[in-house]
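Chain by chain, the residues:
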Amino acid sequence: MDLYDEFPQSFLLCDEGFTPLLDACRRYQVSVVDFLTLSSKELARQLQRSINEVTKFQELLTAEYDDQLTEFNKVKPISEVEGPVSFTTTDVGIDEVLGGGVYTHGITEIFGESSSGKSQLLMQLCLSVQLPTDMGGIKGKCVYITTEGDLPTQRLASMISARDELVRYGVSQENIYTVTCCDLINQEHILNVQLPILLENSKGTIKLIIVDSISHHMRVELPSRDFKDHQDNRFYVDQVAERLLDLANKHSLAVVVANQVSDRPLFESPEPYVAELTDYEYQLGWWVGWKNSSILYHQKYNEPKGVDYRDNEDMLSDDEDGKLIHDEMVRVENLSRTKAAKITVSSNEKTSSEDRRPAPRSSTFPPHKQRFYKKRRVDRRVPTLGLTWANHLSTRILLSKTYKASPMIRRGELHLYKGSDPLMFWQVKRMFKVVFSAYAESKEIPFVITKRGVESLLGDDW
Ligand SMILES: Nc1ncnc2c1ncn2[C@@H]1O[C@H](COP(=O)(O)OP(=O)(O)OP(=O)(O)O)[C@@H](O)[C@H]1O
């Protein structure tokens, strides 16, 4: 029976007198909803148990349900209703893009590929939430639920020591409760039982729950063999999100989760068609943070006539740095060719005029690396857990890690470089993008990861 899922704190679960009845419920697949909707006669028939036993259980369960309902729908005077408040990320640029910081009473999702900086940002938040209100914090403690290994305490310690204000205001790892969950069952128990009890006992001092990452165990353990599995998974994801939202609202706290990405194949229609504004496929790119060229590419992919977007490199070639590197390499190679030609002329004055042709073009760089630009790169990455999960989010943040031309290329100093390693042409470029939010418009900002944590870059810094 699903009594544990519906009422995890129900005293009926511990009443040994009902153990045979609960066993029968499990055997005949009778649910809590059946008990709340069917007659005791019908239930007794289905369960092969006595009507007295069923009636008693049903009365107790209904009373418990009524109590919960009354508690849940208690009318509060407007003066007691606490609205969402924000706390700083400790970075002014990122706070501004987020519309003031991270907000309570909702779920904020940070998604991105491995090594994009999700955990770094989450660790930073569990420190910044502890700051006093005049420093932008909300003076709260934090629960850090990790699904992949332990919390890197050394990194947290170095983040604290790298920022004077954190040291000055007593920000400490002692205010972070760490929970490690090793599988999905364990995660369920933590979210449904341990966390609510911890929050009740902490009496409003905990202001942030972090889950790193929410999708790790679901992705591995939820079956996805057929349509029914997919339906069940959606229901499961819905329940997880609802529970987290309940906790966020009940205890006026922020829930921030990391989410992973997976590749989504291009949508291929059996018949060519023009996507409508209201089509799921038409809108998808905006709520998963694709760049504009990829959104357009996906929308046009199945169109019947006109430009064949499948080969349209121009639409996808927003790789300007690739072109910059290519141009710089051509410039340097031309320079060395001219130089070589001059040396040949001066060293052999007797050379006939036909032999004064420039020396054959020879590159110091591997040939396959020479054409960097016009790479056809269609964005296909989507955060896991789908639309069902996305519907519950108040803010979705994408952290991405790409590559840009290195300062040597941008300053036009490639001719000073004597090596032949193409990696020297590139530099990591990290972007923080608000994909959608109830508090801010979609916007992106470059950032770096330093010993202080995640820091935005402004103006000429990038
Ligand atoms: N002290 C530091 N100084 C500079 N960069 C750092 C420091 N510590 C970690 N990084 C950078 O942070 C990145 C790792 O970030 P993080 O662990 O947050 O990734 P993630 O998105 O959580 O990845 P995953 O999904 O695999 O857990 C690495 O690229 C590393 O270069």
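What this report covers is the structure whose coordinates are included nearby. Since this is a predicted model, take the numbers as computed values, not measurements.

## Structural notes on the pairing of strand β12 (residues 443–450)
The sheet contact formed by strand β11 (residues 426–437) and β12 spans five bridges and is antiparallel. Paired with R430 across the strands is F447, a residue of β12. The hairpin formed by β11 and β12 contains five residues between the paired strands. Here β12 runs beside strand β13 (residues 453–456); their pairing, made up of four bridges, is antiparallel. Note that in β13 the partner of V448 across the bridge is E455. Linking β12 to β13, which pair antiparallel, is a turn of two residues.

## A few points about the state of the cysteines
Should the sulfur atoms of two cysteines be covalently bonded, the bond is a disulfide. A full pass over the atoms with the stated rule returns zero disulfides. With no disulfide of its own, C182 lies 7.2 Å from the sulfur of C181, the closest cysteine sulfur. By relative accessible area, which is 60% here, C182 ends up exposed.

## Focus: the environment of V382
Along the chain, V382 falls in strand β9 (residues 381–383). Among the residues examined, V382 registers a relative accessible area of 11% and is labelled buried. It is 9.1 Å that separates the C-alpha atoms of V382 and L284, two residues lying 98 residues apart in sequence. Beyond its immediate sequence surroundings of up to four residues, V382 is in contact with Q260, V261, S262, R264, V288 and W290.

## Observations concerning the sheet that holds strand β6 (residues 206–212)
Sheet architecture is open: nine strands sit in the order β5-β4-β6-β7-β3-β10-β11-β12-β13, paired in mixed fashion. Two strands close off the open sheet at either side, each with one partner strand: β5 (176–180) and β13. Each strand of the sheet is rotated relative to its neighbour by a mean of 25°, with strand direction disregarded. Strand direction decides the pairing type here: strand β10 (residues 393–405) and β11, joined by eleven bridges, are antiparallel. Within β11, the residue paired with A405 across the bridge is W426. Helix α7 (residues 118–128) rests against β3 (106–112), β4 (141–146), β5, β6, β7 (254–259), β10, β11, β12 and β13 of the sheet, and its axis sits at about 165° to β6.

## What about the site of the ligand?
E113, S114, S115, S116, G117, K118, S119, Q120, R155, R430, I449 and T450 make up every residue found near the ligand. At 2.9 Å from an oxygen atom of the ligand is found a side-chain nitrogen or oxygen belonging to K118. Within the contact set of the ligand, a nitrogen atom lies 3.2 Å away from a side-chain nitrogen or oxygen of R155. Protein contact buries 64% of the 650 Å² of open area that the ligand shows by itself. For the shell around the ligand, the elements supplying multiple residues, two or more each, are α7 and β12. No other element matches α7, which puts three residues into the shell around the ligand. Among the residues making up the shell around the ligand, the classes are represented as one nonpolar, seven polar and four charged.

Basis of the calculations
- Residues numbered from 1 in each chain as written.
- Predicted model: local features only at pLDDT ≥ 70, side-chain atom pairs only at ≥ 80, totals over all residues.
- Heavy atoms only, no water.
- Pairing = 2+ DSSP bridges.
- Helix = DSSP H or I, 4+ residues; strand = E, 2+ residues; numbered from the N terminus.
- Disulfide = S-S within 2.5 Å.
- Buried < 20%, exposed > 50% of the residue type's maximum accessible area, 1.4 Å probe, protein only.
- Contact = heavy atoms within 4.5 Å.
- Axes fitted to C-alpha atoms, helices over the stretch in contact; angles between N-to-C directions.
- Near = heavy atom within 4 Å.
- Polar contact = N/O pair within 3.5 Å; in protein donor to acceptor, adjacent residues only side chain to side chain.
- Areas by Shrake-Rupley, 256 points an atom, 1.4 Å probe, with all protein chains shown as cover.
- Nonpolar A, V, L, I, M, F, W, Y, C, P; charged D, E, K, R; others polar.

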